[in-house]
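Listed here are the chains, written in short residue letters.
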Amino acid sequence: MVRLNNNLHLIYILGSPRRYKSQSALAMLQLFSPLAKDAWSTPALIFALPVLGIASATVLDYLRQLVAPKRSTQPPEVFHWLPMIGSAIEYGNDPLSFFTGCRSKYGDIFTFVLLGKRITVTLGPKGNNFVLGGKSIAFNAEDASTSFTTPVFGKDVIYDVPNEKFMEQKRFVKGGLTMDNLRAYVGMIEDEVLNYINVDSTFQHSRSQGGEKGCGTFDVVKVLQEITILTAARTLQGKEVRANMDKTFAQLYNDLDGGSTPIVWMFPNAPLERVRKRDRAQKKMSEFYIIIIKKRREKWDNGFEDDVSRQHTSSTTSSWAFPDAAFPSFTLRHANGEMHPLTYESLRSLPVLDAVIRETLRMHPPIHGIMRHVREDVAVPTSVFADTTNNLSTHYVIPKGHYVLASPAISQVDEAIWRHADKWDPLRWLSDPEGVAEKAYKTYLNEDGEKIDYGFGAVSKGTESPYQPFGAGRHRCIGEHVRVGLLCWAHREM
Ligand code: HEM
């Protein structure tokens with residue numbers, strides 16, 4: 001017969017107490033035991049109260065999501081099981097699949113919870129235009145990203161300064177990317193890549209197997225990260241930076257880059273290994289550059305700029321292009337005629353390799369989403385998105401304090417826009433001057449159209465194109481022309 005005593009009656013009903021290894025489970029059972037006299041002892045409470053708190057928050061959150069009336073101005077909300085955590089796990093695992101799944105359930109506009117923050121995603125070209133073309137007074141990049149960019153890039157640069165100042169910094173860096181500089185870079189890059197291939201142990205096997213014709217395997221991501229670091233250092237940061245740098249720097253960049261995850265975004269100083277690695281790398285890099293800056297100052301030379309984001313984006317893009325199933329055979333078949341001597345001008349006329357890069361950036365852009373913090377309530381024009389259920393056309397409003405997120409990565413593979421959107425096909429950029437790809441590219445570059453100066457020189461807005469691998473509007477990338485050239489070249493050389 002089951003014996004009920006004060007503390008353990010429930011446990012005996014369910015089985016032997018030894019089965020309950022977890023103190024908190026025991027405490028919960030005690031807490032819910034109406035017959036328990038001393039169930040509310042201190043240890044029980046210590047374990048049970050947080051559990052009870054989490055359970056109540058979870059129930060309240062379900063009720064809020066499932067039962068509470070919604071404001072008509074609120075975009076649909078993605079259902080989540082865990083309060084605070086929200087959809088962080090699904091989003092963190094695979095952001096693009098998460099967006100695609102949500103799109104099929106909720107449409108082109110929806111809000112999800114990411115570690116307590118509310119993010120409204122607006123998909124498709126209209127959604128990109130809405131976020132990237134928004135005024136910085138309403139949609140702010142600094143607020144959205146400073147928590148993970150400042151520990152990486154350092155104080156007083158990028159998002160750690162007011163927008164006007166950042167735009168000046170952008171203009172300053174862009175000034176270093178003049179035609180003359182780019183011309184000079186070409187020879188340096190050629191040198192760096194050849195030196196890497198001829199000297200690095202990675203290619204030793206293929207060298208010993210017959211020089212140029214030798215073959216072997218290599219870790220594409222690692223090699224391209226290292227080459228990107230070395231070429232960027234040599235061209236953009238100067239001789240003495242390159243002379244003092246070896247390929248182990250790639251690891252430091254990786255460690256810095258590892259600090260840009262959702263969890264670090266939410267808790268920039270969390271006691272996590274990736275945060276410690278980020279800080280160690282930041283310190284090492286700062287020490288390295290401070291010595292060089294001091295020397296330069298002595299010579300009245302000034303400045304360098306940090307290279308983390310472009311290192312990451314560029315090496316990621318090259319890495320995707322290499323293993324893309326069709327890349328080697330496609331390039332060999334189509335790009336033979338492009339193997340002429342290298343000059344800046346010849347780099348600009350490598351249509352096949354250019355198409356390879358465009359297509360790689362279409363399918364595998366290194367940045368999956370671009371986020372902004374909402375500084376004031378913003379009404380979404382009905383021309384962009386409207387809730388048309390029950391024939392009502394309602395303005396959605398994105399409240400102050402939320403975040404908005406655009407994902408050009410989604411419009412770049414949208415079946416409704418691109419033919420065979422999920423097929424890697426560089427020919428789409430070459431074969432049809434009237435095709436979708438060409439039109440998207442023209443809208444993006446808008447070479448003959450209106451230009452806007454946001455503070456870093458006149459640029460095309462490009463916010464309405466379904467193809468935006470380098471962002472658009474005020475925060476548009478300043479490295480797009482440089483990097484596409486460099487990438488083309490690096491592939492040709494490899
Ligand atoms: C394949 C290579 C690259 C890709 C795919 C890429 C992509 C992007 C994207 C999507 C943005 C927009 C970010 C936003 O709107 O918040 C951006 C901005 C930017 N990129 Fe790049 N980038 C690349 C290479 C470079 C290079 C080579 C440089 C420097 C020479 C560079 C410097 C910048 C800067 C300064 C910004 C402005 C950030 C802002 O205004 O908030 N990028 N890039």
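Residues numbered from 1 in each chain as written. Predicted model: local features only at pLDDT ≥ 70, side-chain atom pairs only at ≥ 80, totals over all residues.

### A look at the packing of helix α13 (residues 249–257) against helix α15 (residues 273–298)
Item 1. At a closest axis distance of 7 Å, the pairing of α13 and α15 adopts a crossing angle of 130°. One finds that α13 runs oblique with respect to α15. Between α13 and α15 lies a crossing whose hand is left-handed. Contact with α13, carried on its side by L252, D255 and L256, involves K277, R278, R280, A281, Q282, K284 and M285 of α15 and no other residues of that element.
Item 2. Its residues assigned to classes, the contact of α13 with α15 comprises 4 nonpolar, 1 polar and 5 charged. (Axes fitted to C-alpha atoms, helices over the stretch in contact; angles between N-to-C directions. Helix = DSSP H or I, 4+ residues; strand = E, 2+ residues; numbered from the N terminus. Parallel < 35°, antiparallel > 145°, perpendicular 65-115°, else oblique. Left-handed = near helix turned anticlockwise from the far one by under 90°. Contact = placed C-beta atoms within 7 Å. Nonpolar A, V, L, I, M, F, W, Y, C, P; charged D, E, K, R; others polar.)

### Some remarks on the nonpolar core
Item 1. Membership of the largest hydrophobic core comes to 34 residues, with the highest contact counts inside it found for F112, V121, V131, Y403, V404 and L405.
Item 2. Top contributing element to this core by residue count: strand β1 (residues 109–114), with 5 residues.
Item 3. V131 has contacts with T122, F139, I370, R372, V404 and A406, leaving out every residue within four places of it along the chain.
Item 4. In terms of nonpolar packing, the next biggest core, distinct from the first, is built from 26 residues, V193, Y196, V223 and L236 among them. (Core = buried A, V, L, I, M, F, W, Y, C linked by C-beta atoms within 7 Å. Buried ≥ 20, exposed ≤ 12 C-beta atoms within 10 Å, placed from the backbone.)

### Overview of the packing of helix α11 (residues 220–237) against α13
Item 1. Contact geometry of α11 with α13 gives a least axis separation of 9 Å together with a crossing angle of 100°. By the criterion of interaxial angle, the relationship of α11 to α13 is roughly perpendicular. Contacts from Q225, E226 and I229 of α11 reach α13 at F249, A250, Y253 and N254.
Item 2. Among the residues forming the contact of α11 with α13, the class breakdown is 4 nonpolar, 2 polar and 1 charged.

### Considerations on the pairing of strand β2 (residues 117–122)
Item 1. Bridge count between β1 and β2: 6 bridges; the pairing is antiparallel. Paired with I109 across the two strands is T122, which belongs to β2.
Item 2. Counted between consecutive antiparallel strands, the loop separating β1 from β2 contains 2 residues, among which L115 sits at a positive phi close to 45°.
Item 3. The pairing of β2 with strand β7 (residues 403–406) spans 4 bridges and is parallel. The partner of V121 across the bridge, within β7, is L405. (Pairing = 2+ DSSP bridges.)

### Some details on the confidence of the model for the chain
Keep in mind that low pLDDT regions are not for reading the predicted coordinates in detail.
Item 1. Across the chain, the average pLDDT comes to 80, with 76% of residues at 70 or higher.
Item 2. Low pLDDT (under 50) marks residues 1–21, which in the prediction has 24 contacts with non-local residues, meaning those over four places away or in another chain.
Item 3. Note on residues 302–308: pLDDT under 50 across the span, and 17 contacts to partners over four residues away in sequence or across chains.
Item 4. Interface confidence for the predicted complex, expressed as ipTM, amounts to 0.98; the pTM equals 0.80. (pLDDT = per-residue confidence, 0-100.)

### Comments concerning α15
Given 3.6 residues per helical turn, the α-helix brings residues three or four places apart onto the same face.
Item 1. For α15, spanning 26 residues, the distance from its first C-alpha to its last is 38 Å, which sits close to the expected 38 Å at 1.5 Å a residue.
Item 2. Every buried residue of α15 is accounted for by V275, R278, A281 and M285.
Item 3. Against α7 (141–153), α13 and α14 (262–266) lie the buried residues of α15. (Expected span 1.5 Å × (residues − 1).)

### Section: the sheet that holds strand β4 (residues 370–374)
Item 1. Strand order in the open sheet formed by 5 strands is β1-β2-β7-β4-β3, and the pairing between neighbours is mixed. The sheet terminates laterally at β1 and β3 (139–140), the two strands that pair on one side only.
Item 2. Bridge analysis of β4 against β7 gives 4 bridges, and the strand direction is antiparallel. Bridging across to β7, R372 finds its partner in V404.
Item 3. Running at roughly 130° to β7, helix α6 (residues 124–132) makes contact with β1, β2, β3, β4 and β7 of the sheet.

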